[in-house]
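Spelled out from the first residue to the last, the chains are:
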Amino acid sequence: MLQPQATSNALARYNQQVPTPSWHAPWELSAVISGHLGWVRSIAFDPSNEWFATGSADRTIKIWDLAKCCAGADDGLKLTLTGHINAVRGLVVSPRHPYLFSAGEDNQVKCWDLEYNKVIRHYHGHLSGVFALAIHPLLDVLVSGGRDCVARVWDIRTKNEVTTLAGHDNTVGAILTHGADPQVVTGSYDSTIKLWDLVAGRTLSTLTHHKKAVRSLASHRQTFTFASGAADNLKKWKTRDGTFMQNLSGHNTSINALAVNDDNVLVSGGDNGSLHFWDYETGYCFQKTQTIVQSGSLDAEAGIYAMSFDMSGSRLVTCEADKSIKIWKENATATPETHPMDLDNWTREYLALKRH
């Protein structure tokens, strides 16, 4: 039987494994933007951080002035693009061309020329709705995935399908692209994540840790790691080889959206309108909040469908089921004294986490 001193020493050694989270200020709602007539399903930021685009179940894409929207001005809407005949589920802005790419439940992937505000290319090949879209950071290549269970890789200029990344058994719901292998990562409703060799068009590895549909992925720009979201857990992985790093537990709903900024703030958005804010480095959940539906909406219309930080990481924009777009920012007056971390609870939670 252990002596009391030995027991405390063992506990002390055990507690040394518990990482100390970085303090983050809590986030708060700063502006609500109305304009869409249906669920807002997708978002993409302009690399210059001057504007952002949202896609909706009302079949339109709207371009918004970021500064005006953050200030709550009524004239934040710059432009509305029409052309899809069903919900717009994926958006991405090219960092190298004046192009916006969109994907929809109408099976279509489109390339919009933003100098003329019209469609200049269609990418034909998907057999069902397209739910996810990503552009390669170095190559002129677009990757789209959807209900036909594959990710299709397109040459942006020729419109040709370069390769088909097949292997999932259900909808491809999220896609990440990288400049180094694995150049493509896909998350699927079959509850797996696949890392792909883009050149060979084959799977490098399949991650089967999730037990529920993987609806969201978010890549950390500085550490070559990524997070995945499903109803069972959030999980963190090393991008290079798919090594599992840790679980982030407690957000018990379908996770439709994830976003992470360079300050190591990870945000998960739930189907029930809940938002959880995490310290990305340790997995400490420093804030739990609930979105507030617009007046005139039902409480059941609380749902987060997409989200993104702006290029500076100082504003979070959420796309929601009440047809609104909401902008969140850090509480500028918060300090570690006014909003202390609950380290005792964190220690208990960390030691109780599953290791797989």
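Within every chain, residues take consecutive numbers counted from 1 along the sequence as written. Reporting in this predicted model follows two pLDDT cut-offs: at least 70 for local features of residues, and 80 or more for side-chain atom pairs to be given and counted; totals over whole chains, interfaces and linings ignore these cut-offs and use all residues. Side-chain numbers here rest on the full set of heavy atoms in the structure, without hydrogens or water.

Some details on the overall build of the chain
On a plain count of helices and strands, the chain comes out with 3 helices and 28 strands. Note on exposure labels: buried denotes an accessible area under 20% of the residue type's maximum, exposed denotes more than 50%, and partly exposed covers the range between, all computed with a 1.4 Å probe on protein chains only. By residue count, 55% of the 356 residues in the chain fall in the buried class. Restricting the contact set of the chain to residue pairs at least 6 apart, pairs at least 24 apart contribute 47%. Working convention for charge: Lys and Arg count positive, Asp and Glu count negative, and His plus the chain ends are omitted. Taken as the charge location is NZ of Lys, CZ of Arg, CG of Asp or CD of Glu. Within the chain, one finds 33 positive and 36 negative side-chain charges whose respective centroids are separated by 5 Å. Helix and strand assignments come from DSSP, with helices taken as H or I runs of at least 4 residues and strands as E runs of at least 2, each series counted from the N terminus. What makes two residues a contact is simply this: any of their non-hydrogen atoms within 4.5 Å.

Description of the environment of Thr164
If you trace the backbone, Thr164 turns up in strand β13 (residues 161-166). Take Thr164: its relative accessible area is 32%, and that puts it in the partly exposed class. With 21 residues separating them in the primary sequence, Thr164 and Val143 have C-alpha atoms 9.4 Å apart. Once residues lying within four places of it in the same chain are set aside, the contact partners of Thr164 are Val150, Ala151, Arg152 and Gly201.

Structural notes on the environment of Ser308
Looking at where Ser308 falls in the secondary structure, it is placed in strand β26 (residues 304-309). For the pair Ser308 and Ile327, spaced 19 residues apart in sequence, the C-alpha separation works out to 9.9 Å. Contact partners of Ser308, with chain neighbours within four places excluded, come to Ile43, Phe45, Ala259, Arg315, Leu316 and Val317.

Things to note about the side chain of Asp46
Looking at the element boundaries, Asp46 is found in the loop between β2 (40-45) and β3 (51-56). Salt bridges are counted wherever a side-chain nitrogen of Lys or Arg sits within 4 Å of a carboxyl oxygen of Asp or Glu. Here Asp46 is buried and forms no salt bridge, its nearest opposite-charge partner Lys78 lying at an N-O distance of 8.1 Å. Excluding anything up to four places from it in sequence, Asp46 contacts Trp51, Phe52, Val93 and Met311.

Considerations on the packing of aromatic side chains
Remark: the centre distance and the inter-plane angle together describe each pair of aromatic rings, the angle taken between the planes. In this scheme Phe, Tyr and Trp rings, the latter by its six-membered ring, pair at centre separations within 6.5 Å, and the angle between planes marks the pair as stacked below 30 degrees, edge-to-face above 60, and tilted otherwise. Counted according to the given criterion, the structure contains 13 aromatic pairs. Between Phe277 and Phe286, the aromatic rings sit 6.1 Å apart at their centres with planes inclined by 50 degrees, giving tilted as the arrangement. Following the ring pairs from residue to residue traces out a cluster consisting of Trp27, Phe277, Phe286 and Phe309. Look at NZ for Lys and CZ for Arg. If either is within 6 Å of the ring centre and within 35 degrees of the ring normal, a charge sits over the ring. A cation sits over an aromatic face here: Arg41 above Tyr305, 4.1 Å from the ring centre. Residue placement shows Arg89 over the ring face of Phe131; its charged tip is 4.0 Å from the ring centre.

Regarding the sheet that holds β13
Ordered by their spatial adjacency, 4 strands build an open sheet running β10-β11-β12-β13, and the pairing between neighbours is antiparallel. Unpaired on one side and paired on the other, β10 (130-135) and β13 mark the two borders of the sheet. Pairs of neighbouring strands in the sheet enclose a mean axial angle of 20 degrees, with direction left out of account. Bridge count for strand β11 (residues 141-146) against strand β12 (residues 150-155) is 5 bridges, and the pairing is antiparallel. The partner of Val143 across the bridge, within β12, is Val153. A pair of strands is treated as paired once DSSP finds two or more bridges between them. For helices, the fitted line uses only the C-alpha atoms of the stretch in contact; every axis is such a line through C-alpha atoms, and the angle between N-to-C directions lies from 0 to 180 degrees.

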